[in-house]
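Tertiary structure, described
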Amino acid sequence: MYTKRIIPVLLIVLLMHHFAAGQNKSAKAGGWPVVEKQMKPWTRWWWMGNAVSQQNLSDVLEKYRAAGLGGVEITPIYGAVGFEKSYIPFLSPAWIDMLHFTVKKADSLNMGVDMNTGTGWPFGGPQIKPENAATKLITQQYQLKEDEQLGEPVRVKEEKQGDARVQALIAYGSNGEVLDLFPFLQPDGHLNWKAGKGSWEIYALFAGKTRQMVKRAAPGGEGYTLDHLDKNSVGVYLGRFDTAFGGKTQGVRSFFNDSYELFGATWTPTFLSTFKKNRGYDLSMHIKELVGDTSTENVARLKSDYRETMSELLLNNFTRKWTGWAHQYQSLTRNQSHGSPGNLLDLYSAVDIPETETFGSSYFPIPGLRRDPADIQNTDPDPMMSKFASSAAHTSGKKLTSSETFTWLTEHFKTSFSQCKPEAERLFLAGVNHVFYHGTTNSPSNIPWPGWLFYAAVEINPNNSLWPQLGGLSDYIARCQSVLQAGKADNELLIYWPVYDVWNTAKGMDMALKVHDVDRWLHPSSFYKLSTRLAKVGYSFDFASDGQLKKTVITDKMLHTAADASAYKVLIVPSCKMMPVETLEKIIQMASAGATVIFEELPADVPGLYRLDVRRTQLRSMLAKLPFVNADNSIQQCKIGKGLILLADDVQLALKFSGCYREELTDSGLQFIRRKINGGKYYYVVNHTDRDVDSYIPLNGNGHVQLLDPQSGAVGYANTNLKAGKLQVRVQLKSGQTLILKVTAGAAAKRKPWQYLNKPTENISLDGTWALHFTEGGPELPADRQLDHLGSWTALGDEKLDAFSGTGVYTTSFNLKAKTAKEYVLNLNTVNESARVWINGQEVGILWSIPFEARVGQYLKEGNNTLKIEVVNLMANRIRYMDRRKIEWRKYHEINFVNINYKDFDASNWSVMPSGLTGPVTITPFID
C-alpha cells in the first residue's frame, strides 16, 4: 500500500474516477443506488495529543463503521493534561506507523481515510522558520523639511520584527511629487538623500511577520503559520511531509486544509514584483494610498488590484502547488477556501473536493423543532454561501462537494438528531453531497465518561448517549448522498459572480471572504439578491468567475464550463459596476457562438488603475456596438451571431422570454435540487415549511416517477397526470420530511405503486400501562418504573432520573380487534430524543427525527400486540450533574473547553432537559 509515488496526469484522472466510482454503480433492486463508502457520512476525527494506540484505533473504527460512518479525517490537536507521556509527535516514525495502521484497518472495514496536512489550523509547524512564516506589510513614516536629511537609519521599529527587511522607500512632497528613494538607501540603513523644496513625508515599506502560531496545534505541530502566498515557503512546509512519507504513497484518500484563518497576513516578499508583472504598474509608488484611510475612487481601484494580486498568489503559490503535491502521492485534496483573501470560485475549483462549512444554527418553522435562544450562536448559515463550493465542483466537473457539518449547531450536549436533519438538508439543497460530521474526538477506552472532547463539536462519538441510534441519521444521509452523488448536477443557469465589485472598496487592505462576514461582502450585492430570488421561484444555478467563463465553450447553444461538467442553458449577468474588458469580450463571443446571455444591467466600468482611460474606452466601445432593440415589455434584445443577449430589469421575465422555465413546485413552499442521470433525473425535495403538503406538484420533465423515502428506504411508483402538457406528481410530505423523485423515460417494469395515506380513521391511543427499564447510561441506572401515562422521565421526581443520560426501554401491549386497514401509521409525537421501535419482536426501525412516525401495518396482527420503544436522551443532564458536583471531566491544554459563547464551560446552572418518551403514542389506520 505504501508504494513509491507515481506522477503521470493519467493516474490522477483514474484516481479521481476511482473515488467517484459510486456514481457509476447500477441501482439496487427497489430504485436506490448502491451505497459506497463515500456516500456515507464521514467525520472529522480529532487525535488529542496524538495519544493513540493500535488497539484504541481498531476498537473505535469498528464502532464508527457500525454506526454508519464511511470514513474519517485525521486532524491532530492539543492533548489532555496528565497524558503527556502518551503523546506521539506529529509525523514522527511512530506517528506514521499509527497512520499506516489506521489506513489498513479502515480499508478492512471498507472505510476511507483523509488526513489534515497539518495539525490544528492553519498550516504551519516547526519547519516554518521566520523567513517562511506568514508575512505582513509594515510601514513607517518619516517627516522632513526642505534641505533636511533623515538622521536615523531606516529600520523597522515594531518589536520582535528584527528580521523585517525594507522593500521600498517612497517620498511624497507637498507639491505632489512622488519619488522612489530606494536607490539612495545605504546598506547600513542610512538614507543618502536631502529633501527638496517644501515638506516631505517618507514611507518605508517592510516585509514583516505576523508571528501567528498554529492554532490548536498537536505535539510536533507547534510553530509559526505558513506564508501561503510564497511558493518557496509552501515547498519548505510540504518538504517535512516528504521526509516523513519517504516519498511513498500513504493510502490517504485526500489531504485536507481547513478554512483560511490567518490574521494580518497582508504581504509576501514577492508581492511587489508579482503586482508589477500582473497589474502593469509599480505598487510601491502608491504605498501611501494602500495603507491609508483615504476613501476615493482611485484608492478603491488600487486596493482592488492589490486584492486581485493576493488572490493570484494564493491560488498559484499555495492551492495549486499543494494539490499537485497531493497528486504525487496518489491522493486528492479537500479544501475550505472560504475565509481566504481571494476569488473563492477559483480557489475552490483548483482542488479536487471543494468543502464548505456550516457554523451555527438555522431557523426552520418545523413544528416541535427545539431552538432555545440560549443554546445557539447568533448566526444563521446561508446556503448561498455553500453554493460557492458546489458551483466550483459543478463547473469544473468534479463529483463531490463536502461540508464541515454541525459546527456549533447548539450548545454542547444539547444537539438532537431532529436539529441536525434540516441543517444537513439545507446543505444538500445547496449542492453539497459529502457530509463530514464536526465531529468525533478520539478517546481511549480507559478515559472516564464523557471521554476526551473537542470544544466546538456535536460529540459524534461512542460516549454520546445518542450514539446507539446514530445509525438512523447516518443511514438517512447515506441514502440522500447515494442519489446526490449520482450522475451530474442539473442546473440550467450559470450566474456570473462580479468579484471586482466586492474588491472595489477603499476600506481596509486584504479582504478575507468569511462565512461570518456575509452581511458585509455578500448580502448587499445585486448578485446575492438576484440569486436568492431565482432560487425561491424555482430556478437552479451555479456561480461562475471571470476565469471560469474564460474556459467556457459553446456547443449547440449550451455553455460547457468543463469536459465533465453539465451544460448550462443561460448565462446570467447580475447588475455589476465593474467588469474587465476581457470578460465582456468573452461574454459577447459566447453569445455570438450561440449562447443566451441575460444582463440585469450593463456593466458601467472596468476595475483597477492600469491604463484606465484606455480600458474604459474599450468597454464603452464594445457596449455601444451591441444593437439592442425592444423585444417584449421591459426586455431589450440583441441578436448577435448564433445567439442572443437580453437586457432586462426583470430577469425572471427574460428567462421566460428565452424559453427557460422554472420548477413551479416551489410555489407550494417545497425546495429541491436535481441530478441528471442516464435516462432521467432525480429530484431531491424537502418540506421545510410549517405545514404539511398533500398535492400534485408540477415537474419540468416527462416519464414515470418513482418515489423514494430516504428515511425509511421505501420505494414505489407515484400517481401522475398531465396538466396543460406538464407532468404532475402527487406527493405527501409532512413538515420536516423529504422525498426523492426519480423521473425516467420509457415503460416501468413491475410497477409497485406508492402507498398513499388517504382516509384515516379514528386513532388507536396507546394509553395503557407502560413499563420503563433502563439498560445503559449513567451516572447510574435508575430503577424500573411502571407508568400509567407517558411523560418526561425527568418529571417523575427522582434525582437519579434528572441526572441520567442513556437508554430507557418502554414496553406496552394493546389489542387490535381487526386488521382491515390498508396501512397503519405509528406516531410517537414527542420524543426526547430518538427512538428505536419493535412491534411483536420485529424491528420497525429508528425514529430519530420529527415527526417520529412510521408505517407499521406489516408488523401488526389481530389480537394482542407488543410494542417496545428504546429511547435515548441527550448527554446534557449527566453533564449538569457532574458540574453541580464539581466532578472534573475537562482538563485540556490550549483552549481547554468552552461554551458556545467561547466562555468557560459550566453546566451547573442548566435546567434539566426533558428526556424519554412523552407521546402521546397513537396508531392511525388508513382505509385507503
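This is a predicted model, so every value here is computed, not measured.

**Notes on the overall build of the protein**
- The helix and strand inventory of the protein stands at 20 helices and 44 strands.
- Whereas a compact globule of 928 residues would reach a radius of gyration of roughly 30 Å, the protein reaches 30 Å, a difference of no more than 12%.
- Based on the C-alpha atoms only, the size of the protein along its principal axes is roughly 110 × 75 × 50 Å.
- Within the protein, buried positions represent 61% of all 928 residues.
- Within the protein, contacts between residues at least 6 apart in sequence are counted, and of these 78% link residues at least 24 apart.
- For the protein, the exposed area adds up to about 36,000 Å²; of that, 49% sits on carbon and sulfur atoms.
- Of note, the protein has its 101 positive side-chain charges centred 5 Å away from the centre of its 94 negative side-chain charges.

**Re the packing of aromatic side chains**
- Under the definition given, this model contains 54 aromatic pairs.
- With a centroid separation of 4.6 Å and an interplanar angle of 50 degrees, the aromatic rings of Phe454 and Tyr455 are classed as tilted. Like Tyr455, Phe454 is buried.
- Over the ring of Trp42 we find Arg253; its NZ or CZ atom is 4.1 Å from the centre of that ring.
- A cation over a ring is seen here: Lys288 above Tyr172, with NZ or CZ 5.4 Å from the ring centre.

**A few points about unusual backbone geometry**
- Look at the link from His438 to Gly439: it is a cis peptide, with omega at 0 degrees.
- By the secondary structure assignment, Gly439 is in strand β14 (residues 434-441).
- The backbone of Phe413 shows a phi angle near 70 degrees, a positive value even though the residue is not glycine.
- If you trace the backbone, Phe413 turns up in the loop between β13 (402-407) and α10 (417-429).
- The phi angle at Tyr902 is positive, at roughly 60 degrees, despite the residue not being glycine.
- With respect to the secondary-structure elements, Tyr902 resides in the loop between α20 (876-884) and β43 (916-919).

**Here we look at the side chain of Ser465**
- Within the element layout of this structure, Ser465 appears in the loop between β14 and α11 (470-484).
- A polar atom in the side chain of Ser465 sits 2.6 Å from the backbone oxygen of Asn873.
- Within the local environment of Ser465, its side chain forms a polar contact with the backbone nitrogen of Met875, the two atoms lying 3.3 Å apart.
- Among residues more than four places away in sequence, those in contact with Ser465 are Ser805, Gly806, Val872, Asn873, Leu874 and Met875.

**What to know about the confidence of the model for the protein**
- Model confidence for the protein is summarised by a mean pLDDT of 95, while 96% of its residues fall at 70 or above.
- The low-confidence segment residues 4-14, where pLDDT is below 50, has 18 contacts with residues more than four positions distant or belonging to other chains.
- With pLDDT under 50 throughout, residues 17-27 is counted as low confidence; its partners more than four residues away or in other chains account for 21 contacts.

**So, the sheet that holds strand β30 (residues 720-723)**
- On the basis of which strands lie adjacent, the open sheet formed by three strands has the order β27-β31-β30 and antiparallel pairing. The open sheet has two edge strands, β27 (693-699) and β30, and neither has a second partner. Direction aside, the axes of adjacent strands within the sheet are offset by 35 degrees on average.
- In the sheet, β27 pairs with strand β31 (residues 726-733) via seven bridges, with the strands oriented antiparallel. Following the sheet pairing, Ser695 is matched in β31 by Val731.

**A few points about the packing of helix α14 (residues 526-537) against helix α18 (residues 651-658)**
- The interhelical angle for the contact between α14 and α18, taken along N-to-C directions, is 55 degrees, at an axis separation of 11 Å. As summarised for this structure, α14 and α18 are arranged oblique, according to the angle between their axes. On the side of α14, the interface is formed by Leu530, Arg533, Leu534 and Val537, while α18 contributes Val651, Gln652 and Leu655.
- Considering only residue class, the contact of α14 with α18 consists of five nonpolar, one polar and one charged.

**What about the sheet that holds strand β41 (residues 853-855)?**
- With respect to topology, four strands assemble into an open sheet ordered β33-β44-β37-β41, the strand pairing being antiparallel. In this open sheet, the two edge strands, each paired with only one partner strand, are β33 (764-765) and β41.
- Here strand β37 (residues 823-827) runs beside strand β44 (residues 922-926); their pairing, made up of five bridges, is antiparallel. Its bridge partner being in β44, Asn827 is matched across the sheet by Thr922.

**Digging into the pairing of strand β32 (residues 738-744)**
- With six of its seven residues buried, β32 lies for the most part within the structure.
- For strand β26 (residues 680-686) and β32, the ladder comprises seven bridges, and the chain directions are antiparallel. What sits directly across from Gly680, in β32, is Thr744.
- Looking at chain direction, strand β28 (residues 704-708) and β32 are connected through five bridges and run antiparallel. Following the sheet pairing, Leu707 is matched in β32 by Leu741.

**Brief notes about the nonpolar core**
- Of all hydrophobic cores here, the largest spans 139 residues; its most connected members are Trp95, Met115, Trp267, Phe413, Tyr455 and Tyr684.
- Examining the composition of this core, we find that 10 residues originate from one element, helix α7 (residues 297-328), more than from any other.
- Formed by 72 residues, the second largest nonpolar core is a distinct cluster that contains Ile495, Tyr496, Ile572 and Ala648.

**With respect to α14**
- With 12 residues, α14 should reach 16 Å at 1.5 Å per residue; the first-to-last C-alpha distance of 17 Å fits that figure.
- All of the buried residues along α14 are Phe527, Tyr528, Leu530, Ser531, Leu534 and Val537.
- For α14, the secondary structure elements touched by its buried residues are α9 (383-395), β16 (493-496), β17 (541-544), β20 (570-573) and α18.
- Once α14 finishes, Gly538 follows within two positions and takes phi at roughly 110 degrees, a positive value.

**Some words on helix α17 (residues 612-624)**
- Over its 13 residues, α17 runs 18 Å from end to end, which matches the ideal 18 Å to within 8%, given 1.5 Å per residue.
- Of the positions making up α17, those classed as buried are Leu612, Arg615, Arg616, Leu619, Met622 and Leu623. Buried residues of α17, seen end-on, are gathered within an arc of 130 degrees and therefore sit on one face of the element. Every exposed residue of α17 that faces more than 90 degrees away from the buried side is listed here: Asp613, Thr617 and Ala624.

**A word on the environment of Ile895**
- Mapped onto the elements of the fold, Ile895 is located in the loop between α20 and β43.
- Relative accessible area serves as the criterion here: at 19%, Ile895 is assigned to the buried category.
- Along the backbone, Ile895 and Tyr455 are 440 residues apart, and their C-alpha atoms lie at a distance of 8.0 Å.
- Dropping the residues within four chain positions of it, Ile895 is found in contact with Tyr78, Arg216, Tyr455 and Tyr902.

**Details of the pattern of salt bridges**
- Within the structure shown, the criterion is met by 41 salt bridges.
- For Glu158, the salt bridge is made with Lys136, and the minimal N-O distance between the two is 2.6 Å. Pair noted here: Glu158 is in the loop between β5 (135-144) and β6 (165-173) and Lys136 is in strand β5, with a separation of 22 residues, a long-range link.

**Focus: the packing of helix α16 (residues 581-592) against α17**
- At a minimum axis distance of 10 Å, the contact between α16 and α17 shows a crossing angle of 20 degrees. By the angle between their axes, α16 is roughly parallel relative to α17. Considering how the two elements wind past one another, α16 and α17 form a crossing that is left-handed. On the side of α16, the interface is formed by Val581, Leu584, Glu585 and Ile588, while α17 contributes Arg615, Gln618, Leu619, Met622 and Leu623.
- Residues of the contact of α16 with α17, tallied by class, amount to six nonpolar, one polar and two charged.

**As for the state of the cysteines**
- Scanning all chains against the criterion turns up zero disulfides.
- Here Cys576 is not disulfide-linked; the sulfur of Cys638 is the nearest cysteine sulfur, at 17 Å.
- By relative accessible area, Cys576 is classed as buried at 6%.

Criteria and cut-off values
Throughout, residues of each chain are indexed from 1 in the direction in which the sequence is written. A pLDDT threshold of at least 70 governs which residues receive local features in this predicted model, and a stricter bar of 80 or more applies before side-chain atom pairs are shown or counted, although totals over entire chains, interfaces and linings include all residues. Excluded from the side-chain calculations are hydrogens and water; all other atoms, namely the structure's heavy atoms, are used. Elements are defined by DSSP. Helices are runs of H or I of four residues or more, strands are runs of E of two residues or more, and each kind is numbered from the N terminus. Computation of the radius of gyration draws on C-alpha atoms, with the globule rule given as 2.2 Å multiplied by the number of residues to the power 0.38. Accessible area is worked out with a 1.4 Å probe on protein chains only. A residue is then buried under 20% of its type maximum, exposed over 50%, and partly exposed in between. Two residues qualify as a contact provided that any one of their heavy atoms is within 4.5 Å of a heavy atom in the partner residue. Per-residue and other accessible areas were derived by the Shrake-Rupley procedure at a 1.4 Å probe size, with only the shown protein chains allowed to occlude residues. Under the counting rule used here, the positive set is Lys and Arg, the negative set is Asp and Glu, and His together with the chain ends is not counted. Charge positions come from single atoms, namely NZ of Lys, CZ of Arg, CG of Asp or CD of Glu. Each Phe, Tyr or Trp ring (for Trp, its six-membered ring) is paired with any other whose centre lies within 6.5 Å, and the angle between the two planes then decides the class: stacked below 30 degrees, edge-to-face above 60, tilted in between. Geometrically, a charge over a ring is one whose NZ (Lys) or CZ (Arg) sits within 6 Å of the ring centre while staying within 35 degrees of the ring normal. Polar contact is defined as a pair of N or O atoms within 3.5 Å, subject to the rule that within protein one atom must be able to donate a hydrogen and the other to accept it, and that residues adjacent in sequence are counted only when both atoms are side-chain atoms. The pLDDT score gives, residue by residue, the confidence of the prediction method on a 0 to 100 scale. Pairs of strands are assigned from DSSP output, requiring at least two bridges between the strands. Each axis is a line fitted through C-alpha atoms, and for a helix only the stretch in contact is used; angles between axes span 0 to 180 degrees, taken between their N-to-C directions. Orientation is classified from the angle alone, with under 35 degrees giving roughly parallel, over 145 giving roughly antiparallel, 65 to 115 giving roughly perpendicular, and any other angle giving oblique. Under the scheme applied, nonpolar residues are Ala, Val, Leu, Ile, Met, Phe, Trp, Tyr, Cys and Pro; charged residues are Asp, Glu, Lys and Arg; polar residues are all the others, including Gly. The term nonpolar core refers to a set of buried residues drawn from Ala, Val, Leu, Ile, Met, Phe, Trp, Tyr and Cys, joined through side-chain atoms within 4.5 Å. Any helix carries an expected span of 1.5 Å times its number of residues minus one. Taken from the helix axis, the directions to the C-beta atoms give the arc we talk about. Salt bridges are counted wherever a side-chain nitrogen of Lys or Arg sits within 4 Å of a carboxyl oxygen of Asp or Glu. Rotating anticlockwise by less than a right angle from the far helix to the near helix defines a left-handed crossing, while the corresponding clockwise rotation defines a right-handed one. When the sulfur atoms of two cysteines come within 2.5 Å, that pair is taken as a disulfide.

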